[in-house]
Amino acid sequence: MSQIDPETVSSLQERLSKLEAWARRLSDEQEICRLVCSYGPTVDSGQSLAGAQLWTDDGTYESDLIEPCIGQKELVALFESDLHQGLIRAGAAHVMSYPVVVVDGDRAVATNYARVYRYEDGVFVPWRVVASRWECLRTALGWRIKRRINAQLNGSESARQLLGRFKEP
Amino acid sequence: MSQIDPETVSSLQERLSKLEAWARRLSDEQEICRLVCSYGPTVDSGQSLAGAQLWTDDGTYESDLIEPCIGQKELVALFESDLHQGLIRAGAAHVMSYPVVVVDGDRAVATNYARVYRYEDGVFVPWRVVASRWECLRTALGWRIKRRINAQLNGSESARQLLGRFKEP
Amino acid sequence: MSQIDPETVSSLQERLSKLEAWARRLSDEQEICRLVCSYGPTVDSGQSLAGAQLWTDDGTYESDLIEPCIGQKELVALFESDLHQGLIRAGAAHVMSYPVVVVDGDRAVATNYARVYRYEDGVFVPWRVVASRWECLRTALGWRIKRRINAQLNGSESARQLLGRFKEP
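Cut-offs applied
Residues numbered from 1 in each chain as written. Chains lettered and ligands numbered in written order. Predicted model: local features only at pLDDT ≥ 70, side-chain atom pairs only at ≥ 80, totals over all residues. Heavy atoms only, no water. Least-squares fit on C-alpha atoms with pLDDT ≥ 70 in both. Contact = heavy atoms within 4.5 Å. Buried area = accessible area lost by both parts, 1.4 Å probe. Salt bridge = Lys/Arg side-chain N within 4 Å of Asp/Glu carboxyl O. Polar contact = N/O pair within 3.5 Å; in protein donor to acceptor, adjacent residues only side chain to side chain. Helix = DSSP H or I, 4+ residues; strand = E, 2+ residues; numbered from the N terminus. Nonpolar A, V, L, I, M, F, W, Y, C, P; charged D, E, K, R; others polar. Buried < 20%, exposed > 50% of the residue type's maximum accessible area, 1.4 Å probe, protein only. Pairing = 2+ DSSP bridges. 1 Å grid on protein atoms, 1.4 Å probe; cavity = no way out; pocket = protein on both sides within 12 Å on 5 of 7 lines; lining within 4 Å. Points joined across faces, edges and corners; volume = space filled by probe spheres on them. Disulfide = S-S within 2.5 Å. Arc of directions from axis to C-beta.

> Any chance you could break down the relation of the copies chain C and chain A for me, citing the residues and the numbers?
Rotating chain C by 120 degrees and translating it 0.0 Å along the rotation axis places it on chain A, where the RMSD comes to 0.0 Å. Such a combination of rotation and displacement between the chain copies is what one expects of a three-fold axis.

> Tell me about the interface of chain A and chain B, and name the residues and values.
Opposite the 41 residues of chain A that make contact, chain B presents 33 residues. Buried area between chain A and chain B, summed over both chains or domains, comes out near 3,300 Å², and the portion from carbon and sulfur atoms is 65%. Remark: the boundary between chain A and chain B carries 1 salt bridge. The residue Arg15 of chain B makes a salt bridge to Glu20 of chain A at a minimum N-O spacing of 2.9 Å. Counting across the chain A and chain B interface gives 10 residue pairs in polar contact (both at pLDDT 80 or more). For the side of chain A that touches chain B, the secondary-structure elements that each account for two or more residues are helix H1 (6–44), helix H4 (82–90), strand S3 (92–96), strand S5 (107–120) and strand S6 (123–139) of chain A. The biggest single contributor to the side of chain A that touches chain B is H1 of chain A, with 21 residues. For the side of chain A that touches chain B, the residue count by class is 23 nonpolar, 12 polar and 6 charged.

> Go over the pattern of salt bridges, please, and point to the residues and values.
According to the stated counting rule, one finds 36 salt bridges over all chains in the structure shown. Close ionic contact of Asp28 of chain C with Arg138 of chain C constitutes a salt bridge, the shortest N to O distance being 2.9 Å. Taken together, the positions of Asp28 of chain C in helix H1 (residues 6–44) and Arg138 of chain C in strand S6 (residues 123–139) put the pair 110 residues apart, joining distant regions of the chain. Given the relative accessible area of 36%, Arg138 of chain C is considered partly exposed. Between Asp64 of chain C and Arg128 of chain C there is a salt bridge; the shortest N-O distance is 3.1 Å. Of this pair, Asp64 of chain C sits in the loop between strand S1 (55–63) and strand S2 (66–70) while Arg128 of chain C is found in strand S6, placing the two residues 64 residues apart along the sequence. Exposure remark for Asp64 of chain C: the relative accessible area of 48% places this residue in the partly exposed category. The buried category is assigned to Arg128 of chain C, whose relative accessible area is 6%. Where salt bridges share partners, they join Asp28, Asp106 and Arg138 of chain A into one cluster.

> With reference to specific residues and values, describe the pairing of S6 of chain A.
Residues and elements named next belong to chain A. Pairing geometry for S5 and S6, over 14 bridges, is antiparallel. Among the inter-strand pairings, Tyr119 is bridged to a residue of S6, identified as Phe124. What sits between S5 and S6 in their antiparallel hairpin is a turn of 2 residues, with Asp121 showing a positive phi close to 50 degrees. The pairing of S6 with strand S7 (residues 142–152) spans 10 bridges and is antiparallel. Each bridged residue has a counterpart across the sheet, and for Val130 the counterpart in S7 is Gln152. With antiparallel pairing between neighbouring strands as the criterion, S6 and S7 make up a hairpin whose turn holds 2 residues.

> I'd like a rundown of the interface of chain C and chain A, residues and numbers included.
The accessible area lost on association of the parts is a frequent measure of interface size. Counting residues at the interface gives 41 residues for chain C and 33 residues for chain A. In total, about 3,300 Å² of surface goes out of reach between chain C and chain A, with carbon and sulfur atoms giving 65% of it. Remark: the boundary between chain C and chain A carries 1 salt bridge. Where chain C packs against chain A, one counts 10 residue pairs in polar contact (both at pLDDT 80 or more). Of all the secondary structure elements, the ones that give two or more residues to the side of chain C that touches chain A are H1, helix H4 (82–90), strand S3 (92–96), strand S5 (107–120) and S6 of chain C. Ranked by the residues each element gives to the side of chain C that touches chain A, the list is headed by H1 of chain C, at 21 residues. Split by residue class, the side of chain C that touches chain A holds 23 nonpolar, 12 polar and 6 charged.

> Tell me about the layout of surface pockets, residues and numbers included.
If you add up the space inside the largest pocket, you get close to 500 Å³. As for the largest pocket, its lining consists of 27 residues, of which Leu26, Glu29, Gln30 and Tyr98 of chain A together with Gln30 of chain C are closest to the centre. Of all the secondary-structure elements, those providing two or more residues to the lining of the largest pocket are H1 and strand S4 (100–104) of chain A, helix H1 (6–44) and strand S4 (100–104) of chain B together with H1 of chain C. Roughly 320 Å³ of volume is contained in the second largest pocket. Around the second largest pocket sit 15 residues that line it, and Leu35, Ser38, Leu54 and Arg144 of chain A together with Lys167 of chain B are the ones nearest its centre. Contributing elements (two or more residues each) for the lining of the second largest pocket: H1 and S7 of chain A together with S4 of chain B. If one sorts the elements of the lining of the second largest pocket by residue count, H1 of chain A sits on top with 5 residues. Of the residues assigned to the lining of the second largest pocket, the class counts are 8 nonpolar, 3 polar and 4 charged.

> Give a description of the state of the cysteines that names residues and reports values.
Residue and element names in this part refer to chain B. Taken as a whole, this structure holds 0 disulfides over all chains when the rule is applied. Of all cysteine sulfurs, the one in Cys37 lies closest to Cys33, which takes part in no disulfide; the gap is 6.1 Å. According to the relative accessible area criterion, Cys37 is buried, its value standing at 6%.

> Lay out helix H3 (residues 72–80) of chain B in plain terms, naming residues and giving numbers.
Within the sequence span of H3 of chain B, burial applies to Gln72, Leu75, Leu78 and Phe79 of chain B. Buried residues along H3 of chain B cover an arc of 110 degrees about the axis, so they all sit on one side.

> I'd like a description of the pairing of strand S4 (residues 100–104) of chain C, backed by residues and values.
Where a strand is regular, its side chains alternate between the two sheet faces. Residues and elements named next belong to chain C. As judged from the 5 bridges shared by S4 and S5, these two strands associate in the antiparallel manner. Looking at S5, one finds that Val102 is bridged to Val109. Counted along the chain from S4 to the antiparallel partner S5, the turn is 2 residues long, and its residue Gly105 has a positive phi close to 65 degrees.

Keep in mind these values describe shape, not function.
Written out as structure tokens, the structure reads:
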């Protein structure tokens, strides 16, 4: 046994703190990727409540395809609607590209491309290709979607603008 | 030089242990993502043996398209078959979406969407869009596929069920 | 207060060093994924300079579709060209699959599938499906693309070879 330099201890503590900060950031980014990529398996398998619970209680979903949804109750109604149920019963896949994630404290934004494939007459058709912006919040239950905005990449300026804001949380 | 509080040391050790557990979990998830996303480049480039070795020795592959493959020998035969070789010689891409991964000790499941594009008459056709469940095992060589199950998203209940089990390792 | 075993300290230091090496590797891989997946949102939103700056000053882009681009100035010109501007104004999405990344010191390679969807007559067409090899360098500004090579997966041997080199940085 021998004595130890307090410098050594404070250096160890500093290295640990750096690693912990790094681990927190990476954990956040990974959890947000998982949130986004869970959307497809959840709603394509018909789990409407679990789909809505990817959002915060008052979370919103805006898309050119539908009226804006506000809150989990309206989200459940969307996933139970004839539109969505008809889609998945005929064969559909909501495929998310790996998002670019920017975290700012307890807020974050993930930006990606979402595609909806429909099975029609024995072939798969890329029915929709949208830019998707997922504004997320850290909650007691983990990261949740506060606001999702979709814009079809059909040449509109607004879709390009949405996509271009990928670094702004 | 001075003496040090043993509390300080045990606190450092505790923080380190937490970080190590976190690093192990994240490493596992990342290695499994890599395993899944290596499938395309491996089999689309015609590396049949390397493709089979993504599985365990006795690993299986079940798909509506083919007879079940059991073990690496049958997997090599699949990748050497006219079906697969014809596909890649005519132009094909096996594209994996980023999987949702759930690790439970030495077992894990990854769930994603796989698409097979075929080059036909000068255009690319999304020939197959399937839900894919990859049941993995930790082996001495790293994570390997124990069982892969594909289900076309053609509206069948079984495909929706497969997709819906994404949280069950 | 009490004395501490120097063995304890050196064991703590060793565990920290391992974690730091691990964190560096994972950070590298994640930053490279982000670099590749930023390409779409950057160029599809018309940010031509930011698009070019994903490359090193002298970075290159080789594709069957275009003359080789050498350096950021030629890359800006590509993204400002009628080809690219016409594409995004009519509606387009450059969607990247999650790449397989191999890091070797200050060099790395990422390999993935890139798809370009075009919006044509009210539907989305998977216009191009290419194997993409991203050779990257660590720079003072972070990881940057030194060389990107695309090959259409149209059955050519060269495309399969490009894809097959995914483990060679």
